[in-house]
Amino acid sequence: MTTENLPGLPEEPVARKGMFGVKDSGDTSGYNRLVVRRAPKLSSSRPYGSYFDEVADALEPAFADAIERVVVDRGEVTFHVRRERLPEVMQHLRDDAALRFELSLGVSGVHYPEETGAELHAVYHLCSITHNRRVRVEVSCPDADPHIPSTVQVYPTHDWHERETYDFFGIVFDGHPALTRIEMPDDWEGHPQRKDYPLGGIPVEYRGAEVPAPDRRRSYS
Amino acid sequence: MSTTETATETQGRIYDVAGQDWDELVKTVSESADERLVVNMGPQHPSTHGVLRLVLTLDGETVTEARTVIGYLHTGIEKNMEYRTWTQGVTFVTRMDYLAPIFNETAYCMGVEKLLGITDRIPDRAQAIRVLTMELTRISSHLVAIATYGLELGATTPMLFGFREREMVLDLMEYITGLRMNMAYVRPGGVSVDLPAGAVDKIGEFLKIMPGRIKEMRKLLDANPVYTRRTKDVAYLDLTGCMALGVTGPMLRAAGLPWDLRKSQPYCGYETYDFDVPTQNTCDVYGRYLVRMAEMEESLKIIEQALDRLSGPLKGGPVMIEDKKIGWPSQLALGPDGLGNSPDHIAHIMGSSMEALIHHFKLVTEGFRVPAGQAYASVESPRGELGAHVVSDGGTRPYRVHFRDPSFTNLQAVPATCEGGMVADVISAVASIDPVMGGVDR
């Protein structure tokens, strides 16, 4: 088959092949040649729309080098910030009269094992009561060097949230007053929310048939 | 052989929270000369709202340090959801904050709907039912908050009143959803089943009884000298403290800021309902009590309006999105053996349409795919802003779901509200935060 007249194939890494998550036995569904690639990294360009341009205007002059990319997706704006500059950016977001994001809704970790060099993400949701706006700040760090500066000094509410993210993902928040586990026991090994941490579970017998543990069941993803 | 060794051999490694730095703490305290007393309160204590553990350092009767230990109810709900379909996730999130399950479900479903881009296509009737059930749940949750306040301060009548009234709400929820708690009623795309026949009348009756009951409670507590002396000027936390600690909900509104997501960032059509946001300026436990009482009265107003719409203009409308690729294929119906798939639907897929059977099977076992991306959806739960950070990688299962639970964040205010006060006031401070440990630990 000639490929000259076809559009260029996407370069993104393969997310899955086939349709039904069949891995060991043969796929007889007819979808076995299906290749689904990961969605490319999003990056939006101006104008962002809504109030996002005003927020970016107030943030970018001082921190043009700190912001890696801006993503506007599904009516929400995400600023991807370099981890070294995070406390300054947060301080500015909180204190600048045009921004005034007084309320932080905490930290949420996400583990993307396939993003080499930026496996661990910390996601901050901020809310401005003055302007009634929301933004999301996302920071990433490599798995080999899981350090992100702590923002407890700026938002004291991050105390427990950073402990939780450390507990579940192993991200070390440098400068946190007492970074200890919060949900798991102190001597627990591993960080349970990471993708390489197994869910566990045992097979269950139901009416004579064996139902495998949840993480051993067929996945359609 | 010692007992621990035997236990280790038979059960594998045992994890507990004894030892480690707690031993050091006890050692340091015993060595110091001053008369400090470290009191461990909980995790099994009737006035710590479930399994909250407080470590209090006392100087006489004054609390000099209050430390909170959580994690005793951590069940890994967020991790478990990553191994289930998007729809199955509802049955997990409903168990987080178990006193306000509908709020967890709605926040999660709003997040999924945002990712799917179908927020505008949710039927109005489904949105009105969500509002109705959320406000009913708000009343039952506030009733428990006030009931336990009373009980923990030594008054049993508010407890009996509160739980009696809550029972009415739970009966209504059982009538509507089939379950008293953990209903998994709100689903991505709408709600699982329409209001049953007679529900409007039953809620109407409840609306007739409830204002009188709230008045009774107010009569009992509003100016009760014992109650006010235990609650006024106790556990002071002003607006600055609330903002810094990320405290939202009745605590924030008792500090004078009328911040309510239902008004400021409306969802589910709250902008079309007429209600007020009650506030107080006292920043204390009594103010939080007054805010909760007034919020119940406002909820009754919203329920009345929602009921008018459901029995009027929205009567007979769909309660699930009319998109066959997302909406649950069957409707639930009450049969002789309880709630289940409607007999009509079973007859259709088993008797007349092979395609409908395949469709049903695929949607139920496989689930629907959600485009890759992330979304944050938040609702005003009885305890404050409940946010769901939902991440998808394009598959049929959530890639990551994180709940910003208000109880978790608000509990950080324990040292700020308790230190420097009397040890007896710790009880009312924690009660006024109204933490639900299922939501804190998840």
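Because the structure is predicted, anything quoted here is derived from the model rather than measured. (Residues numbered from 1 in each chain as written. Chains lettered and ligands numbered in written order. Predicted model: local features only at pLDDT ≥ 70, side-chain atom pairs only at ≥ 80, totals over all residues. Heavy atoms only, no water.)

### Digging into the pattern of salt bridges
Test applied: The salt bridge definition used is simple: a Lys or Arg side-chain nitrogen within 4 Å of an Asp or Glu carboxyl oxygen. Three labels apply to residues, based on accessible area from a 1.4 Å probe with only protein chains included: buried if under 20% of the type maximum, exposed if over 50%, partly exposed otherwise in between. Helical segments are the DSSP runs of H or I of at least four residues, strand segments are the runs of E of at least two, and each set is numbered from the N terminus.
Using the criterion set out here, one finds 43 salt bridges over all chains in the structure. When the shortest N-O distance is used, the salt bridge between A:Arg194 and A:Asp196 registers 3.1 Å. A residue is classified by how much of its surface remains accessible, and A:Arg194, at 10% relative accessible area, is buried. B:Glu82 is the partner of A:Lys195 in a salt bridge, and the nearest nitrogen-oxygen pair spans 3.1 Å. Of this pair, A:Lys195 sits in the loop between β9 (172-174) and β10 (204-206) while B:Glu82 sits in the loop between α3 (77-81) and α4 (89-93), which puts the two residues in different chains. With a relative accessible area of 28%, A:Lys195 lands in the partly exposed category. Each of B:Glu135, B:Arg138, B:Arg253, B:Asp260, B:Arg262, B:Glu295 and B:Glu380 takes part in salt bridges that share partners, so that together they form one network.

### Details of the sheet that holds strand β4 (residues 76-81) of chain A
Residue and element names in this part refer to chain A. Our working rule: Two strands pair if DSSP finds at least two bridges between them. What counts as an axis is a line fitted to C-alpha atoms, over the stretch in contact for a helix, and the angles between N-to-C directions run from 0 to 180 degrees.
With mixed pairing, five strands are arranged side by side in an open sheet as β3-β4-β7-β6-β5. Across the chains shown, the open sheet's two edge strands, defined by having one partner strand only, are β3 (67-73) and β5 (103-111). Strand-to-strand twist of the sheet, defined as the mean angle between neighbouring strand axes without regard to direction, takes the value 20°. Relative to β4, β3 runs antiparallel, the two sharing six bridges. Bridge pairing in β4 links Val70 to Phe79.

### Quick word on the side chain of B:Arg288
Residue and element names in this part refer to chain B. Our working definition: In summary, the charge assignment counts Lys and Arg as positive and Asp and Glu as negative, without counting His or the chain termini. Residue contacts follow a heavy-atom distance rule, with two residues in contact if any of their heavy atoms lie within 4.5 Å.
Looking at the element boundaries, Arg288 is found in helix α13 (residues 285-311). Among buried charged residues, Arg288 stands out as having no salt bridge; its nearest opposite-charge side chain is Asp284, 6.4 Å away. Ignoring sequence-local partners within four residues, the contact set of Arg288 consists of Tyr149, Ala235, Tyr236, Leu237, Pro250, Met251, Ala254, Cys283 and Ser432.

### A short note on a nonpolar patch on the surface
Residues and elements named next belong to chain A. Put simply, the rule reads: Residues forming no salt bridge and having over 30% relative accessible area are the ones grouped into patches, like charges within 9 Å of each other and nonpolar side chains (Val, Leu, Ile, Met, Phe, Trp, Tyr) within 5 Å. For accessible areas, the Shrake-Rupley method is used with a probe of radius 1.4 Å. Any residue's cover is judged against the shown protein chains and nothing else.
Residues Val204, Tyr206 and Val211 make up a contiguous nonpolar surface patch of roughly 270 Å² in combined accessible area. Position of Val211 relative to the elements: it lies in strand β11 (residues 209-211). Taking the relative accessible area as the measure of exposure, Val211 reaches 32% and is therefore partly exposed.

### Notes on the UniProt feature "domain: NADH:ubiquinone oxidoreductase 30kDa subunit" (unreviewed entry) in chain A
Note the threshold: UniProt positions are given in the numbering used here, feature names are shortened, and annotations may be inferred rather than shown by experiment.
Per the UniProt record, "domain: NADH:ubiquinone oxidoreductase 30kDa subunit" (unreviewed entry) is found at residues 80-201 of chain A. The straight-line gap between the two end C-alpha atoms of residues 80-201 of chain A is 36 Å; of that span, 18% is helix and 29% is strand.

### Looking at the interface of chain B and chain A
Heads up, the rule is: Summed over both partners, the accessible surface that disappears when two parts come together, traced with a 1.4 Å probe, is what is meant by buried area. Side-chain atoms alone can form a polar contact between residues adjacent in sequence; in general such a contact is a pair of N or O atoms within 3.5 Å, and within protein one must be able to donate a hydrogen while the other accepts it. Following the grouping adopted for this structure description, the nonpolar residues are Ala, Val, Leu, Ile, Met, Phe, Trp, Tyr, Cys and Pro, the charged ones are Asp, Glu, Lys and Arg, and the polar ones are all others, Gly among them.
Contacts between chain B and chain A engage 55 residues on the former and 61 residues on the latter. Summing the contributions of chain B and of chain A, the shared interface buries around 5,000 Å²; its carbon and sulfur component is 50%. Taken together, the links from chain B to chain A amount to four salt bridges. As a salt-bridge pair, B:Lys114 and A:Glu76 come within 2.6 Å of each other at their nearest N and O atoms. Counting every contact that joins chain B to chain A gives 27 residue pairs in polar contact (both at pLDDT 80 or more). When residues of the side of chain B that touches chain A are assigned to their parent elements, the largest contribution, five residues, is made by strand β8 (residues 373-381) of chain B. A class-by-class count of the residues in the side of chain B that touches chain A yields 19 nonpolar, 19 polar and 17 charged.

### Quick word on the UniProt feature "domain: NADH-quinone oxidoreductase subunit D" (unreviewed entry) in chain B
This chain's UniProt record puts "domain: NADH-quinone oxidoreductase subunit D" (unreviewed entry) on residues 153-442 of chain B. For residues 153-442 of chain B, the helix share is 49%, the strand share is 12%, and the end-to-end C-alpha distance is 28 Å.

### Observations regarding the domain arrangement of chain B
Residue and element names in this part refer to chain B. The condition that has to hold: Residue ranges assigned to each domain were obtained from an automatic or database domain assignment.
Here chain B is described as being made up of domain 1 (13-69) and domain 2 (77-327 + 368-441). For domain 1 versus domain 2, the distance between C-alpha centres works out to 32 Å. On the domain 2 side, the residues contacting the 18 residues of domain 1 number 18 residues. Carbon and sulfur atoms supply 67% of the area buried between domain 1 and domain 2, which totals about 1,500 Å² over both sides. Taken together, the links from domain 1 to domain 2 amount to one salt bridge. Here Glu419 makes a salt bridge to Arg67, at a shortest N to O gap of 3.0 Å. Inspection of the region where domain 1 meets domain 2 yields five residue pairs in polar contact (both at pLDDT 80 or more). When contributions to the side of domain 1 that touches domain 2 are tallied by element, the ones reaching two or more residues are β2 (53-59) and β3 (62-69). It is β3 that contributes the most residues to the side of domain 1 that touches domain 2, seven residues altogether. Broken down by class, the residue content of the side of domain 1 that touches domain 2 amounts to nine nonpolar, six polar and three charged.

### A word on the sheet that holds strand β1 (residues 37-41) of chain B
Residues and elements named next belong to chain B. An order of β1-β2-β3 is seen for the three strands of this open sheet, with the pairing classed as antiparallel. For this open sheet the edge positions go to β1 and β3, each flanked by a neighbour on one side alone. Ignoring strand direction, the axes of neighbouring strands in this sheet form an average angle of 20°. With respect to the sheet, helix α18 (residues 423-433) is in contact with β1, β2 and β3, its orientation differing from that of β2 by roughly 150°.

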